[in-house]
Amino acid sequence: MERKFKNLCSPLVVGRTVLRNRMCSAPMGGTDIANDGCIGDKSKGFYELRAKGGAAVVTVSECMVHPATDGSHAYHLDESILNSLAQATYCADAIKRHGAIPSLELSHSGMFAGTYMTDKKKQKSMHQWGPSDTVRNDGVEVKALTKDMIREIVEAYGHVAGLAKRAGFELLMVHGGHGWLINQFLSPMFNHRTDEYGGSLENRCRLAIEVLKAVREAVGPFFPIEFRMSGDEFVPEGYHLEEGIEIAKMIEPYCDIIHVSAGTYQKTFGITHPSMFEEHGRNVYLAAEIKKHVSKPVSTLGGLNDPAQLEEIIASGKADLVYMGRALLADPYLPQKVMENRDDEIVRCLRCFTCMAERAATSTRRCTVNPVIGRELEGDRVYPAPVKKKVMVAGGGPGGLYAAYTAALRGHDVTLYEKESEVGGILKSEQALPFKKEMYQLSLTYKLFCEKAGVKIVLNTPVTKELCEKENPDALIIATGSTPIVPPLPGIDKCVIVNNYYLEKEKVGDDVVVLGGGLAGCECAIHLGQEGKKVHLVEMRDVLAPDANVRHRPLLLKEIDRYVTVHTGLRGLRISDEGVWCADKDNNEVLVPGTSVICALGQRSTNVNDLLDGAPYVRVIGDASRVSTITNAVYQGYHAALDI
Ligand SMILES: Cc1cc2nc3c(=O)[nH]c(=O)nc-3n(C[C@H](O)[C@H](O)[C@H](O)COP(=O)(O)O)c2cc1C
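Calculation criteria
- Residues numbered from 1 in each chain as written.
- Predicted model: local features only at pLDDT ≥ 70, side-chain atom pairs only at ≥ 80, totals over all residues.
- Heavy atoms only, no water.
- 1 Å grid on protein atoms, 1.4 Å probe; cavity = no way out; pocket = protein on both sides within 12 Å on 5 of 7 lines; lining within 4 Å.
- Points joined across faces, edges and corners; volume = space filled by probe spheres on them.
- Helix = DSSP H or I, 4+ residues; strand = E, 2+ residues; numbered from the N terminus.
- Nonpolar A, V, L, I, M, F, W, Y, C, P; charged D, E, K, R; others polar.
- Pairing = 2+ DSSP bridges.
- Axes fitted to C-alpha atoms, helices over the stretch in contact; angles between N-to-C directions.
- Contact = heavy atoms within 4.5 Å.
- Expected span 1.5 Å × (residues − 1).
- Buried < 20%, exposed > 50% of the residue type's maximum accessible area, 1.4 Å probe, protein only.
- Arc of directions from axis to C-beta.
- Domains from an automatic or database assignment.
- Salt bridge = Lys/Arg side-chain N within 4 Å of Asp/Glu carboxyl O.
- Phe/Tyr/Trp six-rings, centres within 6.5 Å; stacked < 30°, edge-to-face > 60°.
- Polar contact = N/O pair within 3.5 Å; in protein donor to acceptor, adjacent residues only side chain to side chain.

1. Looking at empty space enclosed by the protein
Moving on, step 1. On inspection of all chains with the given rule, the structure shows four cavities of 30 Å³ or more.
Moving on, step 2. Lining the largest cavity we find 39 residues, and of these Pro 27, Met 28, His 273, Gly 325 and Met 356 sit closest to its centre.
Moving on, step 3. Listed by contribution, the elements that provide at least two residues to the lining of the largest cavity are strand S4 (57-64), strand S13 (321-324), helix H12 (326-330) and helix H14 (354-362).
Moving on, step 4. Residue composition of the lining of the largest cavity, grouped by class: 17 nonpolar, 14 polar and eight charged.
Moving on, step 5. Approximately 100 Å³ is the volume found for the second largest cavity.
Moving on, step 6. Cys 349, Leu 350, Cys 352, Cys 355 and Cys 367 are the residues nearest the centre of the second largest cavity, which is lined by 13 residues in total.
Moving on, step 7. Residue assignment for the lining of the second largest cavity shows that the elements contributing at least two residues are H12 and H14.
Moving on, step 8. When residues of the lining of the second largest cavity are assigned to their parent elements, the largest contribution, three residues, is made by H12.
Moving on, step 9. In the lining of the second largest cavity, the residues fall into nine nonpolar, two polar and two charged.

Shown next, in the form of structure tokens:
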């Protein structure tokens, strides 16, 4: 068989370890940790699926090496904890049995201990130890580690590495990036020591090298060690690529793979985890540059999800391995689909940060486009239903498409009715915003899934009571979504409704007022600003996009700052040729100027009362049930189809 992405699919030999291809699963830990710090069964299921999905390496993260001075990434590997080794062994085994290399990330969060705790009080009540005495931005005092403590931590890395090997891990990733302890020592931003651990680059690299030596001593000569570093910290006080190259050169003799990430969790979150406002692969150049100066294999990552781009990275020698985090949350089978030339079936990550926001909120896993994430033990395969039923799905948005696809996989006779001439629902409007192109693409991918699974798609046909009576289905899934809220303001007919912007783009001139500062309004305003238009955004509340998730929102607001003039606390009164007349809090009339107006005032569920008796089994999902997120629609669609 000829593989379409030859280089990406080719094995890589590191010492005596063979990686089956070049696509690896990045560490994505900090969730589903058992109360005693063991790797719980849910996590094991999560990691196992990444191996089943074809990744060459599956990295289990983050194992805290020295709990006495740390307290953030709460996995432990500690023989004094009942089951600690057993659970780690089961986990490594679950990865290995699908042909992947199990890797464990060893970490210490240093002065940022507490960051991942969902209990906000605990975030501040830990003992925070770092390279130097300081006070964190959140007011927490940090104490400088003594040399004795450093020695203890180094020994702990070795001890835990030995346990990891005993548990069956076949690769270890030492975390030296993203602002955690080893990075804190490498960085002039955090490290102000005057002893042999601070000052010169050689001194700042000392801790990293001592750790790598301790790990090597514990695991022996042929066991691969990967060092994760930030190629550039992207803040003036930190180090930059030139020093990143020097760090890589100093570290190289003590490890087998140099893993080049970027930035710090605390200061450059949207670069370390490139947001939808960043280019895909915006950090690859760091690895490419470092690779020119070292001879060991180099890995890269950051916002990668397109096999053609991944292939180019490997083929052109920018890196030897590509890691993916979020792309494999969205589709754990991405590597397998690449291997089988089924890249058109990849469900792309939207970079919406639902994964990271859910982690911050509840320490569980959630992904907008992958309904089984974190629930892998409940099974990710869809099995045929005992009895074939006639299923009608009303509405071809993301929830309806996913429901129809899942029902068809179960062997049902499924027809999806869409009232418009194209499926996609609300996602269709995203095609106009380049930074949200994956959201539109999602509807095309789900449509493809439906077609492959045998769903009949009937366009231009709304589901009515009469249609249900005529078709007489056994099951009806109502996924009719929501409609835009358009208040009866004088002149509102002059507006372009945000959902229709993709169809009416040419109606929008160079001076625009966007009415409504929710997520849709903000994102549209940013896009218009990026297109060089003068954009005013009007919002009645005092805050913008309060419903945006905690990770996406700050990055969204940063883009708003760059491109948009914001007017909060203003209520729209009427629309005229000069702009939008609004009332401020004291009821004074104010004109927000603009020749075009976009209305983004939210959505309202469609009325589905007529359809509730349309079949013996009826389920209302997604926005039709309650206006919410794509995450909700997809998750409910999947389960509505499983329940038939
Ligand atoms: C939900 C989630 C959890 C993460 N947890 C860790 C972690 O425990 N350790 C770590 O080194 N990086 C962690 N990361 C960062 C990823 O390993 C990766 O560097 C980052 O997401 C950029 O890659 P991506 O764009 O492919 O997602 C996490 C990322 C995500 C999305």
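That shown, we press on.
2. Here's the deal with the sheet that holds strand S15 (residues 413-417)
Strand pairing in a sheet relies on backbone hydrogen bonds. The paired strands run either parallel or antiparallel.
Moving on, step 1. Pairing is parallel in the open sheet, where five strands are placed in the order S16-S15-S14-S17-S28. Whereas interior strands pair on both sides, the edge strands pair on one side only; in this sheet they are strand S16 (456-458) and strand S28 (617-620). Averaged over all pairs of adjacent strands, the angle between strand axes in this sheet comes to 15 degrees, irrespective of strand direction.
Moving on, step 2. Across four bridges, strand S17 (residues 475-478) lies against S28 in parallel orientation. Bridge pairing in S28 places Leu 476 opposite Val 618.
Moving on, step 3. Seen against the sheet, helix H15 (residues 398-409) touches strand S14 (390-394), S15 and S17 and runs at an angle of roughly 165 degrees to S15.

3. As for helix H20 (residues 552-563)
Moving on, step 1. Across its 12 residues, H20 extends 17 Å between first and last C-alpha, which sits within 8% of the 16 Å expected from 1.5 Å per residue.
Moving on, step 2. Those residues of H20 not exposed but buried are His 552, Leu 555, Leu 556, Glu 559 and Ile 560. Along the long axis of H20, the arc covered by the buried residues comes to 150 degrees, so they all point the same way. The outward face of H20, more than 90 degrees from its buried face, is lined by the exposed residues Lys 558 and Asp 561.
Moving on, step 3. In this fold, the buried residues of H20 make contact with helix H9 (269-272), helix H19 (519-530), strand S21 (534-539) and strand S22 (564-568).

4. Quick look at the sheet that holds strand S6 (residues 129-130)
Moving on, step 1. Here three strands make up an open sheet; going across it, the order is S6-S8-S7 and the pairing mixed. The sheet terminates laterally at S6 and strand S7 (134-135), the two strands that pair on one side only.
Moving on, step 2. Relative to strand S8 (residues 141-144), S7 runs antiparallel, the two being bridged by two bridges. Looking across to S8, one finds that Val 135 is bridged to Glu 141.

5. Quick word on the domain arrangement of the protein
Moving on, step 1. If you check the domain split of the protein, you get domain 1 (12-378), domain 2 (390-484 + 605-642) and domain 3 (492-601).
Moving on, step 2. One C-alpha centre belongs to domain 2, the other to domain 3; they are set 30 Å apart.
Moving on, step 3. Contact with domain 2, which involves 10 residues of that partner, is made by 11 residues of domain 3.
Moving on, step 4. At the boundary of domain 2 and domain 3, one finds one salt bridge.

6. What about the packing of aromatic side chains?
Aromatic ring pairs: the centre-centre distance and the angle between the two ring planes describe each pair.
Moving on, step 1. In the structure shown here, the tally under the stated rule is 13 aromatic pairs.
Moving on, step 2. For the pair Phe 112 and Phe 190, a centre-to-centre distance of 5.7 Å together with 80 degrees between the ring planes defines the contact as edge-to-face. Residue Phe 112 is found in the loop between strand S5 (101-107) and helix H3 (120-125), and its partner Phe 190 is found in the loop between helix H5 (181-186) and helix H6 (201-204); the two are separated by 78 residues along the sequence. Here Phe 112 and Phe 190 have matching classes, each one buried.
Moving on, step 3. Look at Phe 277 and Phe 435: their rings are 5.0 Å apart centre to centre, the planes differ by 55 degrees, and that puts the pair in the tilted class. Here Phe 277 is found in the loop between H9 and helix H10 (284-291), whereas its partner Phe 435 is found in the loop between S15 and helix H16 (437-453), with 158 residues between them in sequence.
Moving on, step 4. On the accessibility criterion, Phe 277 (15% relative accessible area) is buried.

7. Section: the side chain of Gln 603
Moving on, step 1. Inspection of the secondary structure assignment puts Gln 603 in strand S27 (residues 603-605).
Moving on, step 2. A distance of 2.9 Å separates a polar atom in the side chain of Gln 603 from a polar atom in the side chain of Ser 482.
Moving on, step 3. Among the polar contacts made by the side chain of Gln 603, one reaches the side chain of Asn 499 at a distance of 3.0 Å.

8. Structural notes on the side chain of Ser 482
Moving on, step 1. Mapping Ser 482 onto the fold places it in strand S18 (residues 482-484).
Moving on, step 2. For Ser 482, a relative accessible area of 17% corresponds to the buried category.
Moving on, step 3. Of note is the side chain of Ser 482, whose polar atom sits 2.8 Å from the side chain of Asp 623.
Moving on, step 4. Leave out the neighbours within four places in its chain, and Ser 482 touches Ile 426, Gln 603, Arg 604, Ser 605, Thr 606, Asp 623 and Val 627.

9. Quick look at the pattern of salt bridges
Moving on, step 1. Here the structure, examined in full by the defined rule, presents 41 salt bridges.
Moving on, step 2. Put simply, Lys 6 and Glu 2 hold a salt bridge, and the shortest N to O gap is 3.1 Å.
Moving on, step 3. For Lys 6, a relative accessible area of 49% puts it in the partly exposed group.
Moving on, step 4. The class for Glu 2 is exposed, based on a relative accessible area of 58%.
Moving on, step 5. A salt bridge links Glu 376 to Arg 50; its shortest N-O distance comes to 3.6 Å. In this pair, Glu 376 sits in the loop between H14 and S14 while Arg 50 sits in helix H1 (residues 41-52), placing the two residues 326 residues apart along the sequence.
Moving on, step 6. Judged by relative accessible area, Glu 376 falls into the buried class, the value being 9%.
Moving on, step 7. What makes Arg 50 buried here is its relative accessible area of 1%.

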